[in-house]
Amino acid sequence: MQLLQADEPAAVSVELPRGTSPLVVACDHASRRLPQRLGTLGLSEAELATHIAWDIGAAGVARRLAAKLDATLVLQNYSRLAIDCNRPSTAPDSIAIKSEHIRIPGNESLSPDDVAARHAEIFAPYHEQLRRILDERQRSGQPSVLLAMHSFTPVYHRFFRPWHVGLLYRHDKRLAHYLLEGLRRDNDLCVGDNEPYRIEDGSDYTLPIHGEARGIPHTGIEIRQDLVADAAGQEAWAERFAVLLGRIFPVLMEDLRSSHADSGRV
């Protein structure tokens, strides 16, 4: 079964493909769009506008940040409810049948062909595009730093999340270390260190596959959605990270050059 029709957007968009910045931004949950063949998955318009369908504000921040730094941006064009592009295909919520307290009828009792179509037409093209971009940069000698841009709901299962922003990392702390240090200089910010999530093999895909496996500096950014729900908030956070990253990149690049030089010594 073919999932996407000829008049629908491709699964992935790339902006500034020849960006000169070391930064590559991935936005796994940029859109709330559903393929026409899936209808609304049995959900209301109000439900599809919430965090269960997409990362509210993340694409707006990512676009503004990429423009400010001349960074390549890779955007997923379909809702995480069709298939979550930051989940391994074996994860129980790769195609979620429930999100928080909301049941997703259109994801229940899917056939193997249904699942395969979503993976082949949405998940695979997105990650293949990221892979091609990072491969090409490596071949040309252009350094890459990977940033996964996300946002999180302020209240989850009745728990109010106090963080304004969180940095996610696991084995590689290089980029997260500098960003945490910079963000914490603002005493008005509540900054999460691996909060409100942390990277796990069973629940994360983009950073383990494209960051950790390549050995390039990487981190995930999570911004609280009420802070980036409008253009003004998105601009403010994009500017904040553009300034921080502009300061960090020269230091980070020097660290990378030093570590490469050390690894070549006998």
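Structure shown above.
Fair warning: this is a prediction, and the values are worked out from it, not measured in the lab.

About the criteria used
Residues numbered from 1 in each chain as written. Predicted model: local features only at pLDDT ≥ 70, side-chain atom pairs only at ≥ 80, totals over all residues. Heavy atoms only, no water. Helix = DSSP H or I, 4+ residues; strand = E, 2+ residues; numbered from the N terminus. Buried < 20%, exposed > 50% of the residue type's maximum accessible area, 1.4 Å probe, protein only. Expected span 1.5 Å × (residues − 1). Bend = angle between axes of the 7 residues up to and from the residue. Contact = heavy atoms within 4.5 Å. Pairing = 2+ DSSP bridges. Axes fitted to C-alpha atoms, helices over the stretch in contact; angles between N-to-C directions.

Most peptide bonds take the trans configuration, and most residues that are not glycine carry a negative phi. A cis geometry characterises the amide bond from E195 onward to P196, with omega recorded as 5°. For L41, which is not glycine, the phi torsion reads 60° and is therefore positive. For L41, the location among the structural elements is in the loop between β2 (23-27) and α1 (45-48). Of the residues examined, L41 reaches a relative accessible area of 3% and is grouped as buried.

If you check helix α3 (residues 112-140), its first and last C-alpha atoms are 40 Å apart, about what 29 residues at 1.5 Å a residue would give, namely 42 Å. The sharpest bend along α3 reaches about 35° and sits at A124, with the proline P125 one to four residues further on. Looking at the packing, one finds that the buried side of α3 touches β1 (12-15), β2, β3 (72-76) and α5 (206-212). Downstream of α3 by one or two residues, G141 has phi in the positive range, about 80°.

The subject of this paragraph is the sheet that holds strand β9 (residues 165-168). Across the sheet, 7 strands lie side by side as β1-β3-β2-β6-β11-β9-β10; this open sheet has mixed pairing. At either margin of the open sheet sits one strand with a lone partner, and together these are β1 and β10 (191-193). The mean angle between the axes of side-by-side strands here comes to 20°, regardless of whether they run parallel or antiparallel. In terms of strand pairing, strand β6 (residues 145-152) meets strand β11 (residues 218-224) through 7 bridges, oriented parallel. In the strand pairing of β11, M149 is matched with I221. Taken strand by strand, helix α2 (residues 58-69) contacts β1, β2, β3, β6 and β11, and its axis lies near 150° from that of β6.

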